[in-house]
Amino acid sequence: MPEPVPVPSLPVTWRPSRGRIVPYVFAVVVVVGAVLMALFIAEPFMLADRVAFVVFGLAVAWVLHLLGRVRVQADEEGLTIVNVLRTHRYTWPEVIDVTLLVGDPWPRIDFSDGRTIGAMGIQGSEKARARRATAELAALIRERGEAGEE
């Protein structure tokens, strides 16, 4: 039986390590590449085309930023889950459980209203780190969430 994980002190934030670095590195590469392309592209391309290259590069960088900002935050009041397009905020009594099955891309958090939301801020591909983060979150849920009030 695995040894129990201590409850982390609040506030705590879980973020992917590679899932945070890679999008921002690629965003810089894309923007720099778009600017260089706009500056050095052949003459048939006009100013509007060059501006479009830079705008497209910035749009791609924005999407990569959305991927890089994912996280799970726990504080005294509850849980904040920041995924790519949405941010979810729940109080502790609304949180029931967290599970991370082998092969899952991220843990799933169950709530008292019947919803299950993926927590992209804990990446299943970071195996040991993801298991530890999920265990810490589970310990917090047992201590403060709906399951702890039984």
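Note: the structure precedes this text.
The sections below set out a description of the structure shown in this document.

Reading the values: the criteria
- Residues numbered from 1 in each chain as written.
- Predicted model: local features only at pLDDT ≥ 70, side-chain atom pairs only at ≥ 80, totals over all residues.
- Heavy atoms only, no water.
- Buried < 20%, exposed > 50% of the residue type's maximum accessible area, 1.4 Å probe, protein only.
- Helix = DSSP H or I, 4+ residues; strand = E, 2+ residues; numbered from the N terminus.
- Pairing = 2+ DSSP bridges.
- Expected span 1.5 Å × (residues − 1).
- Contact = heavy atoms within 4.5 Å.
- Axes fitted to C-alpha atoms, helices over the stretch in contact; angles between N-to-C directions.

### Remarks on the pairing of strand 4 (residues 87-91)
Line of reasoning, step 1. The alternating pattern of strand 4 places His88 and Tyr90 on a buried face, while none of Thr87, Arg89 and Thr91, on the opposite face, is buried.
Line of reasoning, step 2. Sheet topology places strand 3 (residues 78-82) next to strand 4; five bridges connect them, and they run antiparallel. Across the sheet, residue Leu79 finds its bridge partner in strand 4, namely Tyr90.
Line of reasoning, step 3. Where strand 3 folds back onto strand 4 in an antiparallel hairpin, the turn is made up of four residues.

### So, helix 3 (residues 127-144)
Line of reasoning, step 1. When the terminal C-alpha atoms of helix 3 are compared, their 26 Å separation across 18 residues agrees well with the 26 Å that a helix rising 1.5 Å per residue should span.
Line of reasoning, step 2. Taken residue by residue, helix 3 has Ala130, Ala133, Thr134, Glu136, Leu137, Ala138, Ala139, Leu140 and Ile141 as its buried positions.
Line of reasoning, step 3. Elements in contact with the buried residues of helix 3: strand 1 (12-14), strand 2 (71-74), strand 3, strand 5 (95-99) and strand 6 (108-111).

### What to know about the sheet that holds strand 6
Line of reasoning, step 1. Spatially, the three strands line up as an open sheet ordered 5-6-7, and their pairing is antiparallel. The two strands at the open ends of the sheet, each matched to only one other strand, are strand 5 and strand 7 (116-118). For this sheet, the mean inter-axis angle between neighbouring strands, taken without regard to orientation, is 25 degrees.
Line of reasoning, step 2. In terms of strand pairing, strand 6 meets strand 7 through three bridges, oriented antiparallel. Within the sheet, the bridge partner assigned to Ile109 lies in strand 7 and is Ile117.
Line of reasoning, step 3. Each of strand 5 and strand 6 touches helix 3; the most contacted strand, strand 5, lies at about 160 degrees to it.

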